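Chain by chain, the residues:
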Amino acid sequence: MTSIPWLPRMPAGTGVARPAALGLAALLSLACADATGPDGSPCDVVTRRGAAELSLSLAPGEMCQVPLDDLVSMEVESGTTSAQYLIAVQSGLRSPGARTRLRLSARGREATAAQVPALSSAPRLISAEGRRLEAASSAELTLRASARRALLGARPLNATRPRAPLPAEWAPGAESRGATRPPVPGDTVVFRNGVSPDLGVDCAGIHDVTAVVRAVGPNLAVAEDVDGSGWVSDAEYATVIRALENIVFPVVTAYFGEPADVDGNGVIWVLFTPVVNRTTPRNSTTRISGFFNPVDLADPESCAASNGGELLWLLAADPDGRYSKPVPASFATTRAIGVAAHELEHLISAERRAVLEGGSFADLEAVWLSEGLAHSAETVVGMTIGRLRPGSNYGFEELAALPETFRTYFFPNLRRAAYYLTDPHRTPALGDEEGRDPSGVPSLAMRGFGWLLLRWFADQYAVGAGGLLGGPPEETIFRDLAGGGPGRTRGVENLERVAASVGAPGDWEALLATWALAPIADDRQGETPLSTQVTSLQLRDAFAALHRELEGEEPFDREFPLFTTDIALTADTDVRVDFELNAATGRYFVLESDGPHPPLRVRLTTLAGGRVPGSAGVRFVVLRTR
């Protein structure tokens, strides 16, 4: 994907101060029609005329959650001072494509009896920048879908298969799988390519790629396609291998697991080839910078295009644009580091699931969590380069201290998170109806959800000291997720499994209710419990700075991108909002008064005005910030 212009650093002192936390106000799992606050008493449920009602009486900094089993309404009690309540209507559904249609009504005691039209928010229009990003996402989706089809019926490599003797002509693939001689600079290597320029993947193979080894490290080897050689010097490739060996490999393997070296050559191949360049049309506004093809982990006897080992495919230098859009040598070598971090996570996770544990390609991680983990790999590599420590609540100035690092590792994930926050309840958080990548801007939002959820999860549940990056040992959480455990669990079940092992709620609905307020409460002014914070990042400061520096460019067209509905705590308030809540997402409301306020009754019902059934998995999560 094309790089963006450098975003100037903000002057010191412009960051938003972190709100003082009152300590962990844990959200507790609740029984039917029960509500529990931080001290067990603030959220009192009463029964009137056979219907359950919640009388909400919270002090600033207190919060509670309520499952909607048979709950009819919630009344915010009157107050003699100003007040602000943050409400998340959170879905706990776990099936991709599932959704719930709801109506939230808020009425003061002096509201007229006149019918108030429903305020159904319309989806945001996609700008030219959004369409450009959609094109990039669609290209990746095409490759992933093609690889899945190609692997139907294919067998993964067997990591326990005896090593084959070194062939007379050394090359990766079926003839040389298991060869034990490591490569040396100057070696000629022949790779098999099963990816066509239109991103189709064919196990029958398309053509061979002849490459020359340009640099070798202890764990990785850089090879250059002879069809695209001559633009990058030995010194530049040496710089690439040093960055990969000193930063990317040790960090990604510590966080996500060790590669298996199934081809026995002692290295992961990093191939710079015009095969990647050709997948980007010349008139495209974006570009594909590289990929991991899971076909390379298939047994070549069942998929002839497999290279039978660990391989990353990267964009080749092409200043004259022989193969597609021109690619300066400096762009190819610089971009390679960030792409390698993302794709190496995909490779390691796929290998752990399909090869090392005796699994199959059906055991590969669900797309929403797979991409969330790979984008997390980018973040931890960026933090390593910037010498940042998880849990230290960095704002824009600290994240942007190294311009290239910010552009490569932090900005893209903040942009994805902004697309999610812009329309959270419409985000296909768990993928499309089949659990696949939804493509386009919805894919960016799905990835933003996964990345932000995992960042909050690690910040909250990695405890102690001695972590790789100097903070808590969060790498143990990510490593466990990447492999899926003994049963190679995927997606929701995988995160539930790891959550239970680290003391978090091990039930998806309860875990999401615990997470629900983080998108709206992180670093918000007022009293916010620690459980609502993403403690590694000052999201509000980072988004506000991007809003200023990019002059309102989508998705940073608001100082904070989260979409909320604001409701006044007044006697004549009469608001009704109809909305659709996708699985695992939240819809956000702010109830607010600048001074003394009367009570306000809030109801959440089906669109027909009926009770929301417990099977919908919906919870109210409420926090009073002042």
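Parameters and conventions
- Residues numbered from 1 in each chain as written.
- Predicted model: local features only at pLDDT ≥ 70, side-chain atom pairs only at ≥ 80, totals over all residues.
- Heavy atoms only, no water.
- Helix = DSSP H or I, 4+ residues; strand = E, 2+ residues; numbered from the N terminus.
- Buried < 20%, exposed > 50% of the residue type's maximum accessible area, 1.4 Å probe, protein only.
- Contact = heavy atoms within 4.5 Å.
- Areas by Shrake-Rupley, 256 points an atom, 1.4 Å probe, with all protein chains shown as cover.
- Phe/Tyr/Trp six-rings, centres within 6.5 Å; stacked < 30°, edge-to-face > 60°.
- Disulfide = S-S within 2.5 Å.

(A) The arrangement of the overall build of the chain in detail. Broken down by element type, the chain carries 13 helices and 17 strands. The 626 residues of the chain split such that 62% are buried. For the chain, restricting intrachain contacts to residue pairs at least 6 apart in sequence, the fraction spanning at least 24 positions comes to 75%. When the accessible surface of the chain is totalled, it reaches about 22600 Å², and 52% of it is carbon and sulfur.

(B) Representation of the packing of aromatic side chains. Summed over the entire model, instances satisfying the criterion amount to 19 aromatic pairs. An angle of 65 degrees between the planes, with centres 5.8 Å apart, marks the rings of W456 and W515 as edge-to-face. Here W456, found in helix α8 (residues 440–461), pairs with W515, found in helix α11 (residues 508–515); they are 59 residues apart in sequence, far enough to count as distant. Here F457 and Y461 contribute two aromatic rings whose centre-to-centre distance is 5.3 Å and whose plane-to-plane angle is 50 degrees, an arrangement assigned as tilted.

(C) Looking closely at the state of the cysteines. A complete count under the given rule lists one disulfide for this structure. Each sulfur of the disulfide joining C203 and C303 lies 1.8 Å from the other. Between C203 and C303, the S-S torsion sits near -95 degrees, and that sign places the bridge as left-handed. Here C303 lies in the loop between β11 (290–291) and β12 (311–315) and C203 lies in the loop between β7 (188–193) and β8 (207–216), a separation of 100 residues in the sequence. Given the relative accessible area of 15%, C203 is considered buried. Of the residues examined, C303 reaches a relative accessible area of 0% and is grouped as buried.

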